[in-house]
Amino acid sequence: MASESHEEKSLLDSRSLSEYGSGADVKNGSTLSYQNIVYAVRVRKKGPCRPADEKVILHNVSGIMRRGMNAILGPTGSGKTTLLDILAGRKDPGGVKAGQVLLDGRPLPINFKCISGYVIQDDIIMGALSVRENLQFSAALRLPRTIGNKEKRARVDMVINELGLEDVAESKIGTELIRGISGGERKRTNIGMELITLPSVLFLDEPTTGLDAFTAASVMRLLHQLSRRGRTIVFSIHQPRYAIFKLFDDLTLLGNGRTIFHGSPERALKFFEENGYRCDDRENPADFFLDVIQKAMESVKNDEDQAVLALATKYMSSPICKDVLADIEARGKPVSPTDDMAFQRRQSAGYATSFPYQLFEVSKRTITNLFRNPVLSILQWVMSVVFGLIIGGIYFQVTDTDPTEGVQNRVGALFFLVLNMIFANMSAVQIFVRMRPIFKHESLSGYYRVSAYFFAEVLCDVLPLRIIPTIILGSISYWMIGLSPAADKFFFFLLDLNLTTLAACALAFLFSSLVSTEAVATLLLALVFTMSMLFGGLLVNLRSLPSALRWLNYLSIFRYSLEGLSINELKGMQFCLADERINGTCIGPGNSTGNDYLVSQGFTNDIWTTQIALGSFIVGILFLAYLRLVLMKKNR
């Protein structure tokens, strides 16, 4: 396959990475040092009213990550991902009980998450976009506007060449419906998204997860080559084979949150041998280290791992650890407050681009993704036409000569229109659920403001998938049903349906932001919609509701929508038999008016009050959804 044929290509490029515009000077590299890091989380006890315990994940870990390949190894639950996230500044700072992390001897700058690179374990890139388009998105938002478009395109081309992605640069990443690139190429594209900013420090969480042995080795060789260009590569990894292990420059071994060893792989073998653990010449050292630590972790006594503690104690008392601590002390000399403030000011610039530019770029990506996955939008439009024809056919040209039939059919048609406007838009619940991993990573990495993402996603979903189908359905059904021919009433009808649609979507957006599982969000949304329908004024007369429940009708989208449509259609209308009508006026005992029905149902609001209520629902609920995204925990 073409995707595999260039896995072994030389990924070195003769051009300097700093040749294209501004960026970090990766030739000099950066050094991360950390000392006495203690990280703990609160764990709830089973049972009511029992206080939470504090569980320590990392115990006084220290070390240095220099330019080159810095691997963090350990069995599952050893704390390697936690350490990686703390070094990258992506862990909840409230859990760090002690210790500090320094970048070139100074505290981490405020925007370290934005100026470093971080590749998470799962591939989170837009599948409907090509490799080049994903990289261009990263370049557009993460590089300052002072770098021109020509330079940004050159930066993208440079990264594509550096990662060996030339053959698949125009290929789609791949979705459930679109066949895309290979797993190794996806991983390299994820790495490329971070390399756009030319970071001197690149973090990777389990970069070989989900890859076959050949592809995993290819990705790690790529990282090794990048490290030889001056980058500090820090990554957690689980059980690498020997071809990968020999690429490591420095090795950190963890067990139960304790440092078992920190230094070069060669010194690690010597350290373990000196403490009674000899690695066979034919055994993979990485497997050997993990086996020793795993066996030590399994010997638990009184909730304290004595064997791991013994290994950690031997390391702490070794000359290797003393050398590391001395190096950390030398690098972490105090700086004057003035120098430190100047350093922070230089490093703490805000977003690279403005809000309007971010809104434009995120909207462009969302629209592109929408048009390349047209199934949902086309289905929405087709279903609008079909449902409009169905409801128009069922209630075709309703009569006004029969008082009972005339009112019942009109109200029934309006009810089913409102029902469709609300329940047909439950698909909006997926907007933030499916994009949550991408949003959290990109927001944390400084791609865009939360407001730019929120408005782009909402606007690009609402217009093509909600407003247009609503106008289609409303236009077809209104004239087929034979509702009032007055133009002002028709446009009010469309306004009410669109506000109803937007209110339903706003609720869907809110649940989408609150819940991380689409099925749960859909279930909760259906429950709310059903309760709203129950208190909508048709299934239960509002005047007959118990006083303890009557207030719920003020929270019903159904109530305001149906009331507005009913007033618009029925107010001032007269219903009577043909032989009881003279010159357009009903006479005789069989006549009735639309006003009588409105009063009987408790629909006594002004017609515009219903629309103001719907508009207030939309604004208020959208604000809550936006607030939820702002407050969403993005640190790991």
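Overview of the structure. Note that the coordinates shown come from a computational prediction; the quantities given were computed from them, not determined experimentally.

### Notes on the nonpolar core
- Formed by 175 residues in total, the largest nonpolar core has its most connected members in I191, F203 and F248.
- Top element by residues in this core is helix α20 (residues 487-514). It accounts for 15 residues.
- Setting aside chain neighbours within four positions, we find F203 in contact with L32, L84, L87, A88, F112, S116, G117, Y118, V119 and V234.

### Observations concerning helix α2 (residues 80-87)
- Within α2, seven of the eight residues are buried, which leaves it mostly tucked inside the rest of the structure.
- Among all positions in α2, only K80, T82, L83, L84, D85, I86 and L87 are buried.
- Phi turns positive, to about 70 degrees, at G89, one or two residues after α2.

### Let's talk about a nonpolar patch on the surface
- Taken together, the side chains of I378, L379, V382, M383, V386, I390 and I394 make up a nonpolar region of the molecular surface, amounting to roughly 630 Å² of accessible area.
- Relative to the helices and strands, I390 resides in helix α15 (residues 375-394).

### A word on the sheet that holds strand β10 (residues 258-263)
- With respect to topology, six strands assemble into an open sheet ordered β6-β7-β8-β3-β9-β10, the strand pairing being mixed. Looking at the sheet topology across the chains shown, the edges are occupied by β6 (117-119) and β10. Strand-to-strand twist across the sheet, computed as the mean angle between neighbouring axes with direction ignored, equals 15 degrees.
- Bridge count for strand β3 (residues 68-73) against strand β9 (residues 250-255) is four bridges, and the pairing is parallel. Each residue of the ladder has a partner; that of A71, found in β9, is L251.
- Contacts from helix α6 (residues 183-195) reach β6 and β7 (201-205) within the one sheet, and its direction differs from that of β6 by about 160 degrees.
- Most of the contacts of helix α11 (residues 306-316) go to β10, to which it runs at about 40 degrees, and overall it touches β9 and β10.

### Quick notes on the layout of surface pockets
- The calculated volume of the largest pocket comes to roughly 950 Å³.
- Mapped by element, the contributors of at least two residues to the lining of the largest pocket are α14 (355-372), α15, α17 (430-433), α18 (436-444) and α19 (450-481).
- With five residues, the single largest contributor to the lining of the largest pocket is α19.
- The residue makeup of the lining of the largest pocket, split by class, is 15 nonpolar, eight polar and seven charged.

### Structural notes on the packing of aromatic side chains
- Under the counting rule described, the total for this entry stands at 32 aromatic pairs.
- Seen from their ring centres, Y478 and F490 are 5.1 Å apart, and the 65 degrees between their planes marks the pair as edge-to-face. Placement of Y478 in helix α19 and of F490 in helix α20 is noted, with a sequence separation of twelve residues between them.
- You can call Y478 buried: its relative accessible area is 0%.
- On the accessibility criterion, F490 (10% relative accessible area) is buried.
- An angle of 55 degrees between the planes, with centres 6.1 Å apart, marks the rings of Y560 and F617 as tilted. With Y560 in helix α23 (residues 557-570) and F617 in helix α25 (residues 607-631), the pair connects residues that are 57 residues apart, well separated along the chain. The same class applies to Y560 as to F617, namely buried.

Reading the values: rules and limits
Residues numbered from 1 in each chain as written. Predicted model: local features only at pLDDT ≥ 70, side-chain atom pairs only at ≥ 80, totals over all residues. Heavy atoms only, no water. Core = buried A, V, L, I, M, F, W, Y, C linked by side-chain atoms within 4.5 Å. Buried < 20%, exposed > 50% of the residue type's maximum accessible area, 1.4 Å probe, protein only. Helix = DSSP H or I, 4+ residues; strand = E, 2+ residues; numbered from the N terminus. Contact = heavy atoms within 4.5 Å. Patch = residues over 30% accessible without salt bridge, like charges linked within 9 Å, V, L, I, M, F, W, Y side chains within 5 Å. Areas by Shrake-Rupley, 256 points an atom, 1.4 Å probe, with all protein chains shown as cover. Salt bridge = Lys/Arg side-chain N within 4 Å of Asp/Glu carboxyl O. Pairing = 2+ DSSP bridges. Axes fitted to C-alpha atoms, helices over the stretch in contact; angles between N-to-C directions. 1 Å grid on protein atoms, 1.4 Å probe; cavity = no way out; pocket = protein on both sides within 12 Å on 5 of 7 lines; lining within 4 Å. Points joined across faces, edges and corners; volume = space filled by probe spheres on them. Nonpolar A, V, L, I, M, F, W, Y, C, P; charged D, E, K, R; others polar. Phe/Tyr/Trp six-rings, centres within 6.5 Å; stacked < 30°, edge-to-face > 60°.

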